[in-house]
Amino acid sequence: MAPVLETKGLVKEFGGITATNDVSLTVQKGARHALIGPNGAGKTTIINLLTGVLRPTTGTILLEGRDITSLDPHKRVQLGIARTFQINQLFNDMTPLETIGLAVSERLELGGQWWRLVGSKSVVIEESVEILDRFHLADVMDHRTGDLPYGKQRLLEIALAIACKPNVLLLDEPAAGVPEAERHDILDAVAALPKDVTVMLIEHDMDIVFSFADRISVLVNGGLFVEGPPDEVARDPRVKAVYLGEEVVHG
Amino acid sequence: MSMDKPIVAQARGYLLSRARWSPFEIIFWIVAFASIFFLQSKHLILTEIAILGLFALSLDLILGYAGIVSLGHAAFFGFGAYVAGLLAKHGIIKEPVLAMLASGVAAMALGFVTSFLVLRGSDLTRLMVTLGVALVLREIANRLDITGGADGLQGIVMEPVLGHFAFDIFGKTAYVYSLVTLFILFLVARRIVNSPFGLSLRSVKGNPLRASAIGINVNIRLVAVYTIAAGYAGIAGALLTQATQFASLSVFDFERSADVMLILIIGGTGYLYGGLIGSVLFKLVQDYLANVNPQYWQFWLGLVLVMMIMFGRVYGAVMATIIYVACLALKLSFMQSIIITIIAVAVLGLMRPQILQITSRITERAKAALDGVKAKFRRSA
């Protein structure tokens, strides 16, 4: 099977610091791929490189074989890469209904229309309501997003990425800060994604990682340290050493 | 439509409710058009208000809906004013409505070109860039022979509007013409902000990072709204030239850009009426104070602004008025007024937390009372 997402020798330097160091990743179509590593390992930087928020110092990014290294973020979304943010990035003054409706109408290329009223296209409303319902947001769809409880905002954060109908979904710590009781809502939503959607997950909670991923990459100091199936990574003594906070001993 | 699930119908209702006309809006426009017949002696200042309102509406489109700050919005106002003047003076387009539209298109072209300067950078860089553009244009108008230099464009003679309505010395034609233009452009702006494009602007203003992460080309949306707003400002400038049959360098003045920003902040951004209400208040207060207190009126205007920032729009305006009326009633000299006012502002400033508690309680009571009245009204209806 051809890889859906591929990076070749990805390097990102900020001044003298190398945040991403020669990362070559291959993600297969439909994979559930987890990216783990200690704080400051450069996980979010990789997401920012993949989505175009940052440009790599050197290296290339391929989406289904096409070089997207120099494409703007919005173009990558149109090609099917969507992401969530570790810290909520929402439109606080809009309602969840407007937020999801916006993403749906942008995807259907209706977003530039200025002569038509919001709420006049049934396809957009029906799909938005379906997504809101799926993420338990239908009862608050007309509330101001900034006033919603954190758990609901977190669900909206993920629903908004799903509304872009991605082929590749990048989840940056989706359950971060969510109370235990509400976590299953988010995890269920992620688990219910269609099988052909490729998901890359950044997560600190190892229970979530091992119940979700079929492949794990471990990042340390910006570089790819270990990659493999979950059981292999779990057994790897070097990974244990990193997570126990010991210095990496090169053998 | 009848096949809709209840929740879909409910969602459609929520979305469409934003664009529904409220009683306040209907009353606002009835009063505006009634002024054509009932305030005939005030048509000159009303024309100024309508033109200023259109200019402020233009700034609201970029500031209130897209979050672009500008201290040089007079660039487009002035450009439209000079284009309209030149078109009339040289008889290129004689009919005023067509000339006004042409001036708007010219300002849009200028807006499109300069919009690329405001795409990048912080609010501060945007303030500097917009200010710079207006200064450059002012200097060009000052140096060129065709624009008349420091003397301005003189000898403009306007043909009748649509070939029928000649500009009269009482300013009735000019007022009706300006008000109708304002109303039509307001309707268009109202449509724009309630469209998917308008929604995307709000998202760009709220969080440009996320807007681009859901596939929105942030830059193109900003260029589009900046261009539209420039057209609005240009038409406002053209109206001023046509109504006064004169265009001077003052159309590019920094004060004009600063005033329109003040007006929008007084009236409130992001709901289209802020600029209109702000213009009415600003012009009336300016006109009244300048008559009563010709030398020092800006002192009192400054007091109103400071109080509004400290205690909110309504309470701040009320407190400033009380201080002003007190000084007037006590027949204080200007120096005495200044001293009393500064002491009053300092005391009020120190007591700000306590005062804010009281005002928020009053607001809650007023809201509850209003809800009660509404409920009663609904029951009886």
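Residues numbered from 1 in each chain as written. Chains lettered and ligands numbered in written order. Predicted model: local features only at pLDDT ≥ 70, side-chain atom pairs only at ≥ 80, totals over all residues.

## Remarks on the overall build of chain B
Thinking step 1. Counting its regular elements, chain B contains 16 helices and zero strands.
Thinking step 2. Expected size for 381 residues packed as a compact globule is a radius of gyration near 21 Å; at 23 Å, chain B falls within 12% of this value.
Thinking step 3. Dimensions along the principal axes, computed over C-alpha positions, put chain B at roughly 75 × 60 × 45 Å.
Thinking step 4. Within chain B, the proportion of its 381 residues that are buried is 42%.
Thinking step 5. Pairs at least 24 residues apart make up 74% of the contacts formed inside chain B by residues separated by at least 6 positions. (Helix = DSSP H or I, 4+ residues; strand = E, 2+ residues; numbered from the N terminus. Rg over C-alpha atoms; globule rule 2.2 N^0.38 Å. Buried ≥ 20, exposed ≤ 12 C-beta atoms within 10 Å, placed from the backbone. Contact = placed C-beta atoms within 7 Å.)

## Quick look at the overall build of chain A
Thinking step 1. Counting secondary structure elements, chain A contains nine helices and eleven strands.
Thinking step 2. Overall, chain A is about 65 × 40 × 40 Å in size when its C-alpha atoms are taken along their principal axes.
Thinking step 3. For chain A, the proportion of its 251 residues judged to be buried stands at 45%.
Thinking step 4. Of the contacts formed within chain A by residues at least 6 apart in sequence, a portion of 66% connects residues at least 24 apart.

## Quick notes on the domain arrangement of chain B
Thinking step 1. You can read the domains of chain B as domain 1 (22-279) and domain 2 (298-380).
Thinking step 2. One C-alpha centre belongs to domain 1 of chain B, the other to domain 2 of chain B, and the line joining them spans 31 Å. (Domains from an automatic or database assignment.)

## Focus: the interface of chain B and chain A
By a widespread convention, an interface's size corresponds to the accessible area lost as its parts come together.
Thinking step 1. Counting residues at the interface gives 30 residues for chain B, matched by 39 residues for chain A.
Thinking step 2. Put simply, the parts of the chain that give the side of chain B that touches chain A at least two residues each are α1 (6-17), α7 (172-193), α8 (196-206) and α9 (208-213) of chain B.
Thinking step 3. Among the elements that take part in the side of chain B that touches chain A, α8(B) stands out by supplying eight residues, more than any other.
Thinking step 4. In terms of residue class, the side of chain B that touches chain A is made up of 15 nonpolar, ten polar and five charged. (Nonpolar A, V, L, I, M, F, W, Y, C, P; charged D, E, K, R; others polar.)

## Structural notes on helix α10 (residues 218-244) of chain B
Residue and element names in this part refer to chain B.
Thinking step 1. Across its 27 residues, α10 extends 39 Å between first and last C-alpha, which sits within 8% of the 39 Å expected from 1.5 Å per residue.
Thinking step 2. The element α10 is extensively covered by neighbouring structure, given that 24 of its 27 residues are classed as buried.
Thinking step 3. Phi for Q245, located one or two positions after α10, is positive at around 55°. (Expected span 1.5 Å × (residues − 1).)

## Re the sheet that holds strand β10 (residues 215-220) of chain A
Residue and element names in this part refer to chain A.
Thinking step 1. In space, the six strands of this open sheet follow the order β7-β8-β9-β4-β10-β11, with mixed pairing throughout. Edge positions in the sheet fall to β7 (81-83) and β11 (223-228), since each has one partner strand and no second. When the angles between neighbouring strand axes are averaged without regard to direction, this sheet yields 20°.
Thinking step 2. Alignment of strand β8 (residues 168-172) against strand β9 (residues 198-202), held across five bridges, turns out to be parallel. Paired with L170 across the two strands is M200, which belongs to β9.
Thinking step 3. Of the strands in this sheet, β4 (32-36), β7, β8, β9 and β10 are in contact with helix α1 (residues 43-51), which crosses β8 at around 150°. (Pairing = 2+ DSSP bridges. Axes fitted to C-alpha atoms, helices over the stretch in contact; angles between N-to-C directions.)

## Details of the confidence of the model for chain B
Thinking step 1. On average, chain B scores 91 in pLDDT, and the residues at 70 or more come to 99%.
Thinking step 2. For this predicted complex, the interface confidence reaches an ipTM of 0.91, while the overall pTM sits at 0.90. (pLDDT = per-residue confidence, 0-100.)

## Some remarks on the packing of helix α5 (residues 150-162) of chain A against helix α6 (residues 180-191) of chain A
Residues and elements named next belong to chain A.
Thinking step 1. Closest axis-to-axis distance for the α5/α6 pair is 10 Å, and the angle between their directions is 5°. The pairing of α5 with α6 is recorded here as roughly parallel in orientation. Within the contact between the two elements, α5 uses G151, R154, L155 and I158 and α6 uses E182, D185, I186 and A189.
Thinking step 2. In terms of residue class, the contact of α5 with α6 is made up of four nonpolar, one polar and three charged. (Parallel < 35°, antiparallel > 145°, perpendicular 65-115°, else oblique.)

## Some details on the nonpolar core
A general tendency of soluble globular proteins is for nonpolar side chains to be buried together.
Thinking step 1. Membership of the largest hydrophobic core comes to 157 residues, with the highest contact counts inside it found for A159(A), F55(B), V225(B) and A236(B).
Thinking step 2. Judged by nonpolar contacts, the second largest core, of nine residues, contains W300(B), L303(B), F311(B) and M319(B). (Core = buried A, V, L, I, M, F, W, Y, C linked by C-beta atoms within 7 Å.)

## Observations concerning the environment of G152(B)
All names here are of chain B.
Thinking step 1. If you trace the backbone, G152 turns up in the loop between α6 (123-143) and α7.
Thinking step 2. Expressed as a C-alpha distance, the spacing of G152 and V218, which sit 66 residues apart in the sequence, is 39 Å.
Thinking step 3. Discounting residues that sit within four places of it in the chain, G152 has contacts with F246, A247, S248 and L249.

## Let's talk about the pairing of β10(A)
All names here are of chain A.
Thinking step 1. By the criterion of burial, β10 is predominantly enclosed, with five of the six residues buried.
Thinking step 2. Strand direction decides the pairing type here: β4 and β10, joined by four bridges, are parallel. Across the sheet, residue A34 finds its bridge partner in β10, namely I216.
Thinking step 3. As paired strands, β10 and β11 are joined by five bridges and run antiparallel to one another. Opposite V218, over in β11, you have V226 as the bridge partner.

## Here we look at α1(B)
Note: α-helices contain 3.6 residues per turn, so residues at a spacing of three or four share the same orientation.
Residues and elements named next belong to chain B.
Thinking step 1. With twelve residues, α1 extends 16 Å between its outermost C-alpha atoms, agreeing within 8% with the 16 Å of an ideal straight helix rising 1.5 Å per residue.
Thinking step 2. Buried within α1 we find A11, R12 and L15. Buried positions in α1, seen along its axis, are confined to an arc of 100° and lie on one side of it. Among the exposed residues of α1, those pointing more than 90 degrees away from its buried face are P6, G13 and S17. (Arc of directions from axis to C-beta.)

## Thoughts on unusual backbone geometry
Keep in mind that most residues, glycine aside, have a negative phi and that most peptide bonds are trans.
Residue and element names in this part refer to chain A.
Thinking step 1. Even without being glycine, D22 reaches a positive phi, approximately 55°.
Thinking step 2. By the secondary structure assignment, D22 is in strand β2 (residues 17-23).
Thinking step 3. Since 15 C-beta atoms lie within 10 Å of it, D22 is described here as partly exposed.
Thinking step 4. Of note, K165 is a non-glycine position whose phi angle comes to about 45°, a positive value.
Thinking step 5. Position of K165 relative to the elements: it lies in the loop between α5 and β8.

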